[in-house]
Amino acid sequence: MNKFIYIFIAFFVSNIQAQQHVMTVDVSKSMAQISPTMYGIFFEDINFGADGGLYAELVKNRSFEFPQPFVGWIPFGNVKIRNDQPCFDRNPHYVRIINDGHLLRAGLDNEGYRGIGLKKGEEYRFSVYIRTPEIKPMKLSIELVNSNGENLLKKELEVKGNEWKKLTAILKPPFTDSHSRLRILLLTKGTVDMDHISLFPINTWEKRENGLRADLVQALYELKPGVFRFPGGCIIEGNNLSTRYQWKNSIGPVENRPLNENRWNYAFEHKAFPDYFQSYGLGFYEYFLLSEDLGAEPLPVLSCGIACQYACDETVALEELAPYVQDALDLIEFANGSTTSKWGKVRADMGHPELFDLKMIAIGNEQWGERYPERLEVFTKAIRSRYPNIQIIGSSGPNADGDKFDYLWPEMRRIGVDLVDEHYYMSPNWFFANANRYDDYDRKGPKVFAGEYASHDHSTRKANNFLTALSEAAFMTGLERNADIVRLATYAPLFAHIEAWQWNPNLIWFDNLSVMRTPNYYVQQMYGMNTGTDVLSLQMNGKSVTGQDSLYASAVLNTPTGEVILKLVNAGEQSAKVQIDFKGLKKQQIISGTCTYLQSNNWEAINTLKQELLVPRICPIKTQPRSLNLELQPHSFYIYRLQKSPS
Ligand code: AHR
């Protein structure tokens, strides 16, 4: 390289390194109040998120209701599916096993969801509904088989009588294996019928019998979500209207919740999962309970009467919309009605007489065109007239901008919904460039719910890499600065099974035994744990910091603790020196506090199930009177929690 060019570059680089940025935070006045629900989670049964994931059931197709009833099962000997005199009217199929006394005994294995994850020493509850026409008792062997095919645990059960009854057994495997199987053998000559064959860890979240995977809920809990949107996404719309998510099918005794096709079973040619159905074992009651456990406001989404427009063109006629609207009204009663109301009683009978205190409901997901506002308006009028305090969320369609978006926003204003759900799955560059997206939004109409977003890096096949995480952190400073209009924000999707995913990136990955938090997760967590109550003005050269010199920033006050919380992103290749001056502090007040940061020199770095390298770390900060001098590393996201000393 020419010597002079080299000297010029060196001078230029050292100048950049030395450049001091001065930001001023005015702690004296609140610019806007931040919604306590601001940062939340969005759950959808995609990527084996519910069955095979959060829902802790280990047996796939436990009720033999899949269209091909042996999916998930490997039958051997004389094993047939029947539905005469069933145990459950809405899940009528069951399995008949006949041991005809030959050498080969009869039975079946269940393969679980890409295997059954078992942990040595943990307890598992096996259960089955069973009957036998035989006079003498029938003996069964319940076995746990490891991935080498060794049946290292066997337990015998006896069954008598031709009436359906439930048998249970506690199993404690002497091995750990993520790809185990459950085996059931009929040892005695004769016939037994079995249905709803189930295996659950005892150690579910809160030890509930029809419970959720404790490690996955723990990961959600640690996000400190303010809002919990469920159960989708496209699955609420269905591949057609008959497979839309119908919440009433997802409550009541779990054995009788009818199976539904999953919207994502054959959505992608390259990622078809013909074994992907919804058992509804994780249903609306469980979703409400989970909201309560997480301390998050529940936000259910219901079908507006239009099936997923990417999948088909089915729309319910306006004259036939009444049952859909009734479903929404009944859901509000299920959550908030007294125990003497029809649906409030159902809730109480399921074990929750207290109200779930539902405050918001979303109608429709990613609809577009005139049909959507026509239908939404009917819902809105009916909900407003019966439940005026319930907030209604409408949709701006599947894109961040464009025709659909431009048509729907004015329609949402006309209808007068409270919030508009926006979705954007865009590139890291888009996220960096859109930190100012909401700066000029119309403040008079509905508020914004950033209901689904994720940074998609197509150059790395949409990996959850550090670049995507940092671009989200930068973008979120813009959500925070505009917290007067952006009231809720939820990354999407939430979960993915490492061996059974259709969509990426995702916030949390898991296999049958363990869980992995992505750098994107940690960004969400850093925001969720540092929400604050009020937006403060933070400026550099008289402007918000939205990418100048690759810097992004926001500041909030947390009134209950009096802390000032700063969020700073340096997306540049060089470290950045930043001086923060505080306006509105009395002379003698000094700033002390803590700093957490996420950093990597490698844009493509990812976490794996084996190792999480990208995790927030703590950094010391020096206390100084009324200002802070910081050095932000390249590619970094910092949160400073600062305490004013008593004046
Ligand atoms: O989050 C995955 C999918 O993306 C959602 O189901 C849908 O709303 C969007 O298209």
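A brief report on the enclosed structure follows.

Parameters and conventions
- Residues take numbers from 1 onward in each chain, read along the sequence in its written order.
- A pLDDT threshold of at least 70 governs which residues receive local features in this predicted model, and a stricter bar of 80 or more applies before side-chain atom pairs are shown or counted, although totals over entire chains, interfaces and linings include all residues.
- Hydrogens and waters are ignored; side-chain quantities use all the structure's heavy atoms.
- Cysteine sulfurs are considered disulfide-paired once they come within 2.5 Å of each other.
- Only DSSP runs of H or I with at least four residues qualify as helices, and only runs of E with at least two residues qualify as strands; both kinds are numbered from the N terminus onward.
- Three exposure classes are used, based on accessible area relative to the maximum for each residue type with a 1.4 Å probe and protein chains only: buried under 20%, partly exposed in between, and exposed over 50%.
- Criterion used throughout: strands pair if DSSP finds at least two bridges between them.
- What counts as an axis is a line fitted to C-alpha atoms, over the stretch in contact for a helix, and the angles between N-to-C directions run from 0 to 180 degrees.
- Throughout, a contact is declared for two residues whenever any of their heavy atoms are within 4.5 Å.
- The handedness rule is simple: strands pointing away from the viewer, and a clockwise path from the first strand over the helix to the second, make the crossover right-handed.
- Each angle gets one of four labels, with under 35 degrees taken as roughly parallel, over 145 as roughly antiparallel, 65 to 115 as roughly perpendicular, and the rest as oblique.
- Helix crossings fall into two classes, left-handed where the near helix is turned counterclockwise from the far one by less than a right angle and right-handed where it is turned clockwise.
- Put simply, buried Ala, Val, Leu, Ile, Met, Phe, Trp, Tyr and Cys residues joined by side-chain atoms within 4.5 Å make one nonpolar core.
- In this classification, Asp, Glu, Lys and Arg are treated as charged, Ala, Val, Leu, Ile, Met, Phe, Trp, Tyr, Cys and Pro as nonpolar, and every other residue, Gly included, as polar.

### Side note on the state of the cysteines
Two cysteines whose sulfur atoms are joined by a covalent bond form what is called a disulfide.
Alright, step 1. In total, this model carries 1 disulfide according to the counting rule given.
Alright, step 2. Across a sulfur-sulfur distance of 2.0 Å, Cys595 and Cys619 are joined as a disulfide pair. Taken together, the positions of Cys595 in strand 31 (residues 590-599) and Cys619 in strand 32 (residues 617-619) put the pair 24 residues apart, joining distant regions of the chain.
Alright, step 3. Take Cys595: its relative accessible area is 0%, and that puts it in the buried class.
Alright, step 4. Its relative accessible area of 14% is what places Cys619 among the buried residues.

### Brief notes about the sheet that holds strand 24 (residues 495-497)
Alright, step 1. The strand order across the open sheet built from 3 strands is 24-25-26, with neighbouring strands paired in mixed fashion. Strand pairing shows two members of the sheet lacking a second neighbour, strand 24 and strand 26 (515-517), which therefore form its edges. For this sheet the average axis-to-axis angle between neighbouring strands, irrespective of direction, equals 25°.
Alright, step 2. The pairing of strand 25 (residues 508-510) with strand 26 spans 3 bridges and is antiparallel. By the bridge assignment, Phe510 is partnered in strand 26 with Val515.
Alright, step 3. The sheet strands contacting helix 2 (residues 214-221) are strand 24, strand 25 and strand 26, and the helix crosses strand 26 at an angle near 15°.

### Thoughts on the pairing of strand 19 (residues 360-363)
Alright, step 1. Along strand 19, one buried face is formed by Met360 and Ala362 and the opposite face, lined by Ile361 and Ile363, is buried too.
Alright, step 2. Here strand 18 (residues 297-302) pairs with strand 19 via 2 bridges, running parallel. Within strand 19, the position partnered with Leu302 by the bridge is Ile363.
Alright, step 3. As judged from the 3 bridges shared by strand 19 and strand 20 (residues 391-395), these two strands associate in the parallel manner. Bridge assignment links Ile361 to a residue of strand 20, and that residue is Ile392.
Alright, step 4. On the question of chirality, the crossover connecting strand 19 to the parallel strand 20 by way of helix 7 (residues 371-386) is right-handed.

### So, the packing of helix 7 against helix 8 (residues 403-415)
Alright, step 1. Packing of helix 7 against helix 8 leaves a shortest axis separation of 11 Å and a crossing angle of 20°. Here helix 8 runs roughly parallel to helix 7, going by the angle between their axes. Crossing of helix 7 over helix 8 shows right-handed handedness. Here helix 7 contributes Tyr372, Pro373, Leu376, Glu377 and Thr380 to the contact with helix 8, which in turn contributes Tyr407, Leu408, Glu411, Met412, Arg414 and Ile415.

### Examining the nonpolar core
Alright, step 1. Judged by nonpolar contacts, the single largest core of 141 residues is most densely connected at Phe284, Ile361, Ile383 and Tyr424.
Alright, step 2. Here this core takes 9 residues from helix 10 (residues 466-481), the largest share from any one element.
Alright, step 3. With sequence-adjacent residues up to four places away left out, Tyr424 is seen in contact with Ala400, Trp430, Phe431, Arg437, Tyr438, Ala450, Glu452, Tyr453, Ala454, Phe475 and Leu479.
Alright, step 4. Residues Leu118, Phe126, Met138 and Ile142 belong to the second largest nonpolar core, which totals 33 residues.

### A short note on the packing of helix 10 against helix 11 (residues 519-528)
Alright, step 1. In the contact formed by helix 10 and helix 11, the axes pass within 8 Å of each other and the chain directions differ by 25°. The angle between the axes of helix 10 and helix 11 places the two elements in the roughly parallel class. Where helix 10 crosses over helix 11, the two elements pack in a sense that is right-handed. Taken together, the residues of helix 11 that come into contact with helix 10 (itself represented by Phe466, Thr468, Ala469, Glu472, Ala473, Met476, Thr477 and Glu480) are Pro519, Asn520, Val523, Gln524 and Tyr527.
Alright, step 2. Counted by class, the contact of helix 10 with helix 11 contains 7 nonpolar, 4 polar and 2 charged residues.

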